[in-house]
Amino acid sequence: MANLTASLGIGLSGLQVAQESMSVIGHNIANINTPGYSQQSAVISTNPSQEFGNLVFGTGANVSTVGALRNQFLNLQVTQSLCNQSGAETRSNGIQAVASAFKDDGTNGLNTQVQKFFASIQTLAANPEDASLRQNVVGMAQSMLSEFKGASTTLTDQITSTNQQIGAAVPEINTLTTQIAALNTQISQQLHPDAANDSIDQRQQLTDKLASLVGIQVSTNSLNQYQITLDSGAATLVSGNTAYQMAVAADPLQGNNFKVSVISGATNTDVTGKITGGTLGANMDLRDNILPGYLASLNQIAGSLAGEVNKVNMAGYSLPSATTGLSTTGTLLFTGGMDPATGTVSVDPVTGKPVYAGIIENLKVNAAVVANPGLIAASSATGIAGDNANALKMAALQTKLLAVDTDNDGAGDSGPFSTVVNALMNNVGTQAQEFSTTATNQENLTTALQTQKSSVSGVDLDSSAAQLLAFQQGYQAAAHFISTISQLTSQLMQALG
Amino acid sequence: MTMRVPNIMNNAQSMLDLQRIKQMYSQTVQQLTTGKQIVNVGDDPAASAQIQNYQSSVDLNTQYINQADTATAQMQSTSTVLTSLGTSVDRALSLAQIGLSTNNGGAGAAEVDSIRTNLISVANTQLQGKYIFAGTKTTTVPFLDNVPATGTTPQSVTYQGNSGLINLDLGVSSTVTTNIPGDSLFFGPGGQGSATDLLAQVTAVRDALTSGDNVALQTAYTNLQAVRTRIGVAETDMGGRENGVTALQTSLSDFNANLGAQQTKVEAVDYPTAITALNQESVAQQASLSAMSKTYQKSLFDYLA
């Protein structure tokens, strides 16, 4: 039969349930701004009842578990989305950083400088005897080269800085994977699945951070541990309790760019170029594909242009000497990486193909021509100052088809120079737009997923306040109940005493 | 169903939206201050490419227009010289005619000799330091008067130029010849010393007037008349070329104006649209700020005593 002492126990359990629940609410409120925190709730259940004959009496309530509200599927989707978002953002930023080199406002820019160079030759054609117009051609050739050099430097600087970012990302990734593996251990050692709520949130938060840095795939094993592999599947970063460290080393075969590998015992897996997502994957793509692609195009344009101009200049004759009246045959107008015999870009003796790589850094206006602009071969006949036939040929290169060797076989295969320069600029613009659109879309997706996630897991102050109020009242009522029972007990004591 | 809207979620979403509005706002401000629709390379690659193509065409045409200016200047000075050449020959012709009709041309001989000297100096005209009748050997004096050592009157000249033509490009496939080589203009189709040689015929008139040889004077007079006609033709030809160049220049300028208008259409910002957008974005920014301040103000805790 239910006695007064047992009733005290029921009242006490009410107090405890209210107190514990309020403590959970307090924990929730305290963590309202903790990133990645999943709201927890006390799961209250009824105590086992006691039977007295055919009567059944309840014995109060208890908090059976403190559970966290989370949707593991949503969590992994957010991780994946963050991966894609940071990949697209990094690519977009990397391209935007070099885009200024490809801007042309009609007064400055690659196309304008190329056009000005040819215009100076055409002006010279109208008065080939004029020394100041020859000087002008030299000046325009130099400013055209410095425009090319400027663009090339911007690209190589960006490649270098991207490489440094790759090197800097690795220690951070290693720290994160080590922490995740440690949390994996903690989580798997908990006997009760709900005991590791805060560790699980923390692990999710670190995994999201890791996903922004490097493209990953996440799965869970039977011990509720995260298994993390690179997005290409090339290597495992975290498996159960173990984190596999990444290592960077300068690769002499790739211009001392960093080679990234994952160390697993004695095996060292090279993962360079095998990561697509995250800033690391994006920076590898920028460093190894996107930016070098622009640079290669730029070198092809500059090398082909110098070669074409050289060929025409070599076929003509210089301004006759004022003293002897004799001309010399044309020389190279552009030197540095150019073959003196053919005038075109030097050919690799092994492959037999022209070496465009780095040509812009070497190109300069022939020092002999700078010293004596009379060497610009405007004339097609020796000893004739007023002949402009060769200058016209040189100026006509501006609209020449098949001007640029875009496939590295030594022969031109494109439209005119301006078209190729425009195509390169357009390519940069299109990729900048593409990645910035992708980044915005991914950002939208991430936000939508995070909204869903926080709709499940986020702390809401209004409902916390309402719950707090309910438990406060519950606590007061239980306390009142205890006080009533206590009064009854003392009355009984007095009556008996 | 009702969706739970936890506080943290409100924050994240409204911050993102506010950032977006601010970004759009700054983009519009940039458009307005630069006057250009496209601020960054990636804004509209297709339009950027279009602008570049228009710009390339305009630049190329401007180049040709400048060439046409130079060509016109060179041809105009040739035309002026041809006119003064015609006047001199006319005077020589009338002096010869006087000689023929009066049978006493001795008086005219001296003047014809000075006309001859004058013709040679005209033939050696320079424009911007180059001899315009030297073919392409523009730095060489084209006509050298062979003054005999004995002090008698000079009889012949030496042509030191060549027959080279100077062409200028006024388009991808259009060229104009801006010069008349001295040998073809002064010596004519018959070549030096022939009946078509201007200088030889003027010399012949002078000598016939000096010697009073009417038969020779008549022959020289007839020849010189034919030469005069040739100079007239050359003058007309030069004028024709000049007109052609001017017409080409006008059409290139018109074409450029059209291209420029097209380019502006793509490139320039539409001010009314941009200003309206700026206002809208400004209102949106204020609205979201005020909404955010309202949202963050209150929760149920504020109403529990």
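For clarity, every value in this text was computed on a predicted model and none was experimentally measured.

Q: Give a detailed account of the overall build of chain A, specifying residues and quantitative values.
A: Within chain A, the regular secondary structure consists of 11 helices and 13 strands. On C-alpha atoms alone, chain A measures out to a radius of gyration of 38 Å, which is more than a quarter above the 23 Å that the 2.2 N^0.38 rule sets for 497 residues. Its C-alpha atoms give chain A principal-axis dimensions of roughly 145 × 50 × 30 Å. Looking at chain A residue by residue over its 497 residues, the buried ones come to 46%. At a minimum sequence separation of 6, the contacts of chain A that also span at least 24 residues come to 66%. When the accessible area of chain A is evaluated, it comes to approximately 21,500 Å², of which 56% is carbon and sulfur surface.

Q: Give a detailed account of the overall build of chain B, specifying residues and quantitative values.
A: When helices and strands are counted, chain B shows seven helices and six strands. Taken from N to C terminus, the helices and strands of chain B fall in the order α-α-α-β-β-β-β-β-β-α-α-α-α. Against the globule reference of 19 Å for 305 residues, chain B gives a C-alpha radius of gyration of 39 Å, more extended than a compact globule. Its C-alpha atoms put chain B at 140 × 35 × 30 Å along the principal axes. Look at the contacts in chain B between residues 6 or more apart in sequence, and 68% of them connect residues 24 or more apart. Approximately 14,800 Å² of chain B is accessible, and the part contributed by carbon and sulfur atoms is 57%. Of the side chains in chain B, 15 bear a positive and 22 a negative charge, and the two mean positions are spaced by 11 Å.

Q: So, helix 5 (residues 198-211) of chain B: which residues are in play, and what are the values?
A: Along an α-helix, residues three or four apart share an orientation, since each turn contains 3.6 residues. Residues and elements named next belong to chain B. Given a rise of 1.5 Å per residue, 14 residues ought to cover 20 Å, and the 20 Å separating the end C-alpha atoms of helix 5 matches this to within 8%. Taken as a whole, helix 5 has its buried residues at Leu-198, Leu-199, Gln-201, Val-202, Thr-203, Val-205, Arg-206, Ala-208 and Leu-209. For helix 5, the capping residue at the N-terminal end is Asp-197, with a side-chain oxygen 3.0 Å from the backbone nitrogen of Leu-199. Just downstream of helix 5 lies Gly-212, where phi reads positive at about 70 degrees.

Q: Explain the interface of chain A and chain B to me, and be specific about the residues and the numbers.
A: Between chain A and chain B, the contact holds 59 residues from the first and 47 residues from the second. At the boundary of chain A with chain B, total buried surface from both sides reaches about 4,100 Å², with 53% on carbon and sulfur atoms. Its largest share of buried area at the contact with chain B, chain A owes to Gln-122, Ala-126 and Ser-455 of chain A, together 13% of the area lost on that side. For the pair chain A and chain B, the interface holds two salt bridges. Taking the shortest distance from any N to any O, the salt bridge between Arg-20 of chain B and Glu-443 of chain A comes out at 2.7 Å. On inspection of chain A and its partner chain B, the count reaches 19 residue pairs in polar contact (both at pLDDT 80 or more). At the level of secondary structure, the elements contributing two or more residues to the side of chain A that touches chain B comprise helix 2 (72-99), helix 3 (110-126), helix 10 (417-457) and helix 11 (461-496) of chain A.

Q: Could you give an account of the domain arrangement of chain A, naming the residues involved and the relevant values?
A: Residue and element names in this part refer to chain A. For chain A, the domain assignment lists domain 1 (4-69 + 459-496), domain 2 (74-94 + 166-285 + 438-447) and domain 3 (119-159 + 299-435). Placing a centre on the C-alpha atoms of domain 2 and another on those of domain 3 gives a separation of 49 Å. The interface is formed by six residues belonging to domain 2 together with four residues belonging to domain 3. Summed over both sides, the interface of domain 2 with domain 3 buries roughly 430 Å², with 49% coming from carbon and sulfur. Three residues stand out in domain 2 for area buried against domain 3, namely Arg-91, Ser-92 and Thr-438, and they jointly supply 65% of the buried area on that side. The interface formed by domain 2 and domain 3 includes three residue pairs in polar contact (both at pLDDT 80 or more). Counting residues per element, the ones that place at least two in the side of domain 2 that touches domain 3 are helix 2 and helix 10. Take the side of domain 2 that touches domain 3: its biggest share by element is four residues, from helix 2. The class makeup of the residues in the side of domain 2 that touches domain 3 is two nonpolar, three polar and one charged.

Q: Can you tell me about the side chain of Gln-55 of chain B, naming the residues and giving the values?
A: Structurally, the position occupied by Gln-55 of chain B is in helix 2 (residues 45-102). A residue is classified by how much of its surface remains accessible, and Gln-55 of chain B, at 14% relative accessible area, is buried. If we ignore the near neighbours within four places in the chain, the residues touching Gln-55 of chain B are Gly-106 of chain A together with Gln-263 of chain B.

Q: Now, about the pattern of salt bridges: what can you tell me, with residues and values included?
A: Two side chains that carry opposite charge are able to pair once their charged atoms sit near each other. All names here are of chain B. In this structure the tally under the stated criterion is 15 salt bridges over all chains. The closest approach of N and O atoms between Asp-90 and Arg-228, which form a salt bridge, is 2.7 Å. With Asp-90 in helix 2 and Arg-228 in helix 6 (residues 214-267), the pair connects residues that are 138 residues apart, well separated along the chain. Among the residues examined, Asp-90 registers a relative accessible area of 35% and is labelled partly exposed.

Q: Please set out the sheet that holds strand 7 (residues 236-239) of chain A residue by residue, giving values where relevant.
A: Residues and elements named next belong to chain A. Read from one edge of the open sheet, four strands run 5-6-7-8, paired in antiparallel fashion. Looking along the sheet, the strands with just one partner apiece sit at the ends: strand 5 (216-220) and strand 8 (242-243). Here strand 5 runs beside strand 6 (residues 226-230); their pairing, made up of five bridges, is antiparallel. Considered in strand 6, the bridge of Val-218 is made with Ile-228. Along the sheet, helix 2 makes contact with strand 5 and strand 6, crossing strand 5 at roughly 170 degrees. Along the sheet, helix 5 (residues 197-213) makes contact with strand 5 and strand 6, crossing strand 6 at roughly 0 degrees.

Q: Describe the nonpolar core, and please don't skip the residues or the numbers.
A: In terms of nonpolar packing, the biggest core is built from 63 residues, with Phe-102, Phe-117, Tyr-294 and Phe-334 of chain A touching the most fellow members. Of all the secondary-structure elements, those providing two or more residues to this core are helix 2, helix 3, helix 4 (131-189), helix 6 (278-315), helix 7 (359-362), helix 9 (389-396) and helix 10 of chain A. Excluding anything up to four places from it in sequence, Phe-334 of chain A contacts Phe-117, Ala-141, Met-144, Leu-145, Ala-306, Val-309, Asn-310, Leu-363, Lys-364, Val-365 and Asn-366 of chain A. Core analysis: the second largest hydrophobic core is formed by 47 residues, Val-89, Leu-119, Leu-168 and Ile-231 of chain B among them.

Q: Describe the packing of aromatic side chains, with residues and values.
A: In this description, a pair of aromatic rings is defined by centroid distance and the angle of the planes. Under the definition given, this model contains 10 aromatic pairs over all chains. Connected via pairs of aromatic rings, a cluster forms that spans Phe-133, Phe-143, Tyr-159, Phe-186 and Phe-187 of chain B. For Arg-203 of chain A, the ring lying beneath its charged end belongs to Tyr-226 of chain A, and the centroid distance is 3.8 Å.

Q: Give a description of the sheet that holds strand 11 (residues 267-270) of chain A that names residues and reports values.
A: Residue and element names in this part refer to chain A. Taken together, three strands build an open sheet; the order of strands is 9-10-11 and the sheet is antiparallel. Across the chains shown, the open sheet's two edge strands, defined by having one partner strand only, are strand 9 (246-251) and strand 11. The sheet shows a mean angle of 40 degrees between the axes of neighbouring strands, direction not considered. Taken together, the six bridges between strand 9 and strand 10 (residues 257-264) define a ladder with antiparallel strand orientation. Opposite Val-248, over in strand 10, you have Val-260 as the bridge partner. Packed on one face of the sheet, helix 4 meets strand 9 and strand 10 and runs near 20 degrees to strand 10.

Q: How would you explain the packing of helix 2 of chain A against helix 5 of chain A if you had to name every residue and give the values?
A: Residue and element names in this part refer to chain A. For the pair helix 2 and helix 5, the least separation of the axes is 7 Å and the interaxial angle reads 25 degrees. Between helix 2 and helix 5, the interaxial angle falls into the category roughly parallel. Between helix 2 and helix 5 lies a crossing of right-handed hand. Residue-level inspection shows Gln-72, Asn-75, Val-78, Thr-79, Leu-82, Cys-83 and Ser-86 of helix 2 in contact with helix 5, the latter providing Gln-204, Thr-207, Asp-208, Ala-211 and Ser-212. Looking at the contact of helix 2 with helix 5 residue by residue, the classes come out as four nonpolar, seven polar and one charged.

Calculation rules
Residues numbered from 1 in each chain as written. Chains lettered and ligands numbered in written order. Predicted model: local features only at pLDDT ≥ 70, side-chain atom pairs only at ≥ 80, totals over all residues. Heavy atoms only, no water. Helix = DSSP H or I, 4+ residues; strand = E, 2+ residues; numbered from the N terminus. Rg over C-alpha atoms; globule rule 2.2 N^0.38 Å. Buried < 20%, exposed > 50% of the residue type's maximum accessible area, 1.4 Å probe, protein only. Contact = heavy atoms within 4.5 Å. Areas by Shrake-Rupley, 256 points an atom, 1.4 Å probe, with all protein chains shown as cover. Lys, Arg positive; Asp, Glu negative; His and termini not counted. Charge placed at Lys NZ, Arg CZ, Asp CG, Glu CD. Expected span 1.5 Å × (residues − 1). Polar contact = N/O pair within 3.5 Å; in protein donor to acceptor, adjacent residues only side chain to side chain. Buried area = accessible area lost by both parts, 1.4 Å probe. Salt bridge = Lys/Arg side-chain N within 4 Å of Asp/Glu carboxyl O. Domains from an automatic or database assignment. Nonpolar A, V, L, I, M, F, W, Y, C, P; charged D, E, K, R; others polar. Pairing = 2+ DSSP bridges. Axes fitted to C-alpha atoms, helices over the stretch in contact; angles between N-to-C directions. Core = buried A, V, L, I, M, F, W, Y, C linked by side-chain atoms within 4.5 Å. Phe/Tyr/Trp six-rings, centres within 6.5 Å; stacked < 30°, edge-to-face > 60°. Lys NZ or Arg CZ within 6 Å of the ring centre and 35° of its normal. Parallel < 35°, antiparallel > 145°, perpendicular 65-115°, else oblique. Left-handed = near helix turned anticlockwise from the far one by under 90°.

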